[in-house]
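Understanding the architecture of this molecule
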Amino acid sequence: MPDTDPSPRARPQVRPYDRIAVIGAGAWGTALASVARRAGREVALWGRDADVARAITERAENPVYLAGLPLPPGIAATTDMAAALRDAQAVLIVTPSVTLREICAAMRPHLPQAVPLALCAKGIEAQTGLLLGEVAREELPGHPVGALSGPTFARETVLDHPTAATVAFAFRYRDRLDPAQSPAARLAVSLSGATFRPYISDDLVGVGIGGAVKNVIAIACGMMSGAGFAENTRAALITRGMDEMKTLAEVLGGRRETVTGLSGAGDLTLTCSSATSRNMSLGMQLGRGLPRAECFDGAPVVVEGEVNAISVVDLARRIGVSLPICEAVHDVLHRGADLRQTFRDLWSRPIEAEPKAMGLYFDHPFGTRVL
Ligand SMILES: NC(=O)C1=CN([C@@H]2O[C@H](COP(=O)(O)OP(=O)(O)OC[C@H]3O[C@@H](n4cnc5c(N)ncnc54)[C@H](OP(=O)(O)O)[C@@H]3O)[C@@H](O)[C@H]2O)C=CC1
Ligand SMILES: O=C(CO)COP(=O)(O)O
């Protein structure tokens, strides 16, 4: 494959998918439906709330998840899975990661044959340690499975702020011979618009790990910031958190370069920098000492990093990978560990080398009394 951009005339033509189904009418599902609609696609959006579906179809608004934001007209929202999937040429699955198996089962009887599926949630299945792509492959064999992931707050995307994301599908042999017909290329072109810019990847593992781990690191950043620490600490957590992503991705067969891309470093930077992130925001509230039940005023908010902390840490332990920041978040969230003491301990672990490959470890001179 050439590694430079050929002249415009020599670029292969990519056929977009004309009809796209989006499963999940929350903030991100609605935003992606808007992206696809603005790109000129016919869009069916499935959600389980009839009032929300009606408001999207009739008033071009999602009053629950994106209140006050005008959506592009022409999104056909429905609570009927069969209707949403009828004649779909590509499907975006956008419900929280814990629901993926049940959503796949609900889709199974209605899916057109071999239609590509792009997973847009961020997580790892807790009971099995499987990446979401593996879960979808188990539940819906015979479909190309990929992911769409990146630094993409739903509101900003709907507000048409320039946004970029990665579309990843494992390339089959025939995709390497004719990349223009690959699901990654076709979906990327289908969603491309004046302000939405997808990049193409074949590294589903690297993209999946980036999305799952960044949520946990964002909780860590929020915790430290809520506890009163400042920018030095956040920058250290982002950088060392990225190292945890790289290590895990590489051991599982993903690429380090993917982790430095939009779905890794990009998303990590976004979610660790802003209280708009639900993960960062949960960490901040806990860091300030709020009990979990009182965070978000008790509202049931999707915070993927909370479940991801369990699945990421379990997976890493099973395969012998050390992820100290994820472990710290896990212990505070799920083992009742003291937040400040846990982060003190994190800072006084044995001195090690950057990069790890140097293989150097020394005792920390102050042990756990360093902060
Ligand atoms: N919001 C964002 O900016 C972004 C989110 N994401 C990812 O997208 C995924 C979804 O998040 P987001 O859209 O923000 O979440 P929201 O909380 O906005 O919406 C969740 C949606 O999932 C539906 N849902 C929940 N449980 C089920 C279920 N068991 N069966 C069917 N539908 C269900 C909800 O339906 P109901 O209203 O009926 O409960 C709701 O429509 C997450 O993995 C998130 O990390 C990725 C990028 C950006
Ligand atoms: O994944 C996101 C942006 O890319 C959304 O982050 P939160 O789930 O933390 O809000």
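Since the model is a prediction, treat every value here as computed from it, not as a measurement. (Residues numbered from 1 in each chain as written. Chains lettered and ligands numbered in written order. Predicted model: local features only at pLDDT ≥ 70, side-chain atom pairs only at ≥ 80, totals over all residues.)

Before going further, it helps to spend a moment on the overall build of the protein chain. When helices and strands are counted, the protein chain shows 16 helices and 10 strands. At 21 Å, the protein chain has a C-alpha radius of gyration in line with the 21 Å of a compact globule built from 371 residues. With the C-alpha coordinates of the protein chain rotated into their principal frame, the extents come out at 65 × 50 × 35 Å. For the protein chain, the proportion of its 371 residues judged to be buried stands at 48%. Long-range contacts, defined here as pairs at least 24 residues apart, represent 69% of the contacts in the protein chain between residues at least 6 apart. (Helix = DSSP H or I, 4+ residues; strand = E, 2+ residues; numbered from the N terminus. Rg over C-alpha atoms; globule rule 2.2 N^0.38 Å. Buried ≥ 20, exposed ≤ 12 C-beta atoms within 10 Å, placed from the backbone. Contact = placed C-beta atoms within 7 Å.)

Position of Thr260 among the secondary structure elements: in the loop between helix 11 (256-259) and helix 12 (262-271). On the basis of neighbour counts, which here come to 17 C-beta atoms within 10 Å, the residue Thr260 falls in the partly exposed class. Separated by 140 residues in sequence, Thr260 and Cys120 place their C-alpha atoms 19 Å apart.

Our focus in this paragraph is helix 14 (residues 304-318). Side chains that are three or four residues apart share a direction in an α-helix, a result of its 3.6 residues per turn. With 15 residues, helix 14 extends 21 Å from end C-alpha to end C-alpha; this agrees with the ideal 21 Å at 1.5 Å per step. The buried fraction of helix 14 amounts to 11 of the 15 residues, a majority that puts the element mostly inside the structure. Turning to helix 14, its buried residues number three or more, namely Glu304, Gly305, Glu306, Val307, Asn308, Ala309, Ser311, Val312, Val313, Leu315 and Ala316. Summarising the contacts, the buried residues of helix 14 are in contact with helix 9 (204-226), helix 10 (231-251), helix 13 (278-287) and helix 15 (324-334). Just downstream of helix 14, Gly320 is the residue with a positive phi angle, here 75 degrees. (Expected span 1.5 Å × (residues − 1).)

This next bit is on the site of ligand 1. Ligand 1 sits among 25 residues. The nearest are Gly26, Ala27, Trp28, Ala121 and Ala154. Considering each element in turn, the shell around ligand 1 owes the most residues, three residues, to helix 1 (residues 27-38). For the shell around ligand 1, the residue count by class is 12 nonpolar, eight polar and five charged. (Near = placed C-beta within 6 Å. Nonpolar A, V, L, I, M, F, W, Y, C, P; charged D, E, K, R; others polar.)

In this model, Ala60 sits at a positive phi of 55 degrees, which is unusual for a non-glycine residue. Among the structural elements, Ala60 can be located in the loop between helix 2 (50-59) and strand 3 (75-78).

What follows concerns the packing of helix 9 against helix 12. Orientation of helix 9 relative to helix 12, taken along the N-to-C sense of each, is 20 degrees, at an axis distance of 9 Å. The angle between helix 9 and helix 12 places the two elements in the roughly parallel class. In the crossing of helix 9 with helix 12, the sense of the turn from one axis to the other is right-handed. Contacts from Val207, Gly210, Gly211, Lys214, Asn215, Ile217 and Ala218 of helix 9 reach helix 12 at Ser263, Gly264, Asp267, Leu268 and Thr271. By residue class, the composition of the contact of helix 9 with helix 12 is four nonpolar, six polar and two charged. (Axes fitted to C-alpha atoms, helices over the stretch in contact; angles between N-to-C directions. Parallel < 35°, antiparallel > 145°, perpendicular 65-115°, else oblique. Left-handed = near helix turned anticlockwise from the far one by under 90°.)

The residues that UniProt annotates with the feature "binding site: NADPH" (unreviewed entry) are Trp28, Arg48, Tyr65, Lys122, Ala154, Arg278, Val302 and Glu304. Within the secondary structure, Lys122 is located in the loop between strand 5 (117-119) and helix 5 (132-139). Apart from the residues within four sequence positions on either side, Lys122 is in contact with Ser97, Ser149, Gly211, Ala212, Asn215 and Glu304. Positionally, Arg278 belongs in helix 13. Apart from the residues lying within four places of it in its own chain, the contact partners of Arg278 are Val301, Val302 and Val303. (UniProt positions renumbered as here; feature names shortened; annotations may be inferred.)

Taking the numbering used here, the UniProt-annotated feature "active site" (unreviewed entry) corresponds to Lys214. By the element assignment, Lys214 lies in helix 9. Excluding its chain neighbours within four sequence positions, the residues that come into contact with Lys214 are Asp267, Leu268 and Thr271.

Moving on, we get to the site of ligand 2. Residues in close proximity to ligand 2 include Lys122, Pro151, Thr152, Phe153, Ala218, Asp267, Leu270, Thr271, Ser277, Arg278, Asn279 and Glu304, which together make up its full environment. Listed by contribution, the elements that provide at least two residues to the shell around ligand 2 are helix 12 and helix 13. No other element matches the three residues that helix 12 contributes to the shell around ligand 2. When its residues are assigned to classes, the shell around ligand 2 shows four nonpolar, four polar and four charged. The two domains that each donate at least three residues to the shell around ligand 2 are domain 1 (17-202) and domain 2 (206-369). (Domains from an automatic or database assignment.)

Within the largest apolar cluster, 109 residues are counted, with the highest numbers of intra-cluster contacts made by Val22, Ile23, Leu92, Ile217, Ala220 and Val312. Looking at this core, the element that brings in the most residues is helix 9, giving 14 residues. Taken domain by domain, this core gets at least three of its residues from each of domain 1 (17-202) and domain 2 (206-369). Residues contacting Ile217, with those up to four places away along its chain left out, are Leu237, Ile238, Gly241, Leu268, Cys272 and Ile325. (Core = buried A, V, L, I, M, F, W, Y, C linked by C-beta atoms within 7 Å.)

As a further point, take the domain arrangement of the protein chain. Here the protein chain is described as being made up of domain 1 (17-202) and domain 2 (206-369). Put simply, the middle of domain 1 and the middle of domain 2, counted by C-alpha atoms, are 27 Å apart. Between domain 1 and domain 2, the residue contacts involve 23 residues of the former and 25 residues of the latter. Elements that contribute at least two residues to the side of domain 1 that touches domain 2 include exactly helix 5, strand 6 (145-149), strand 7 (163-169) and strand 8 (196-201). Considering every element that reaches the side of domain 1 that touches domain 2, the biggest residue donor is strand 7, with four residues.

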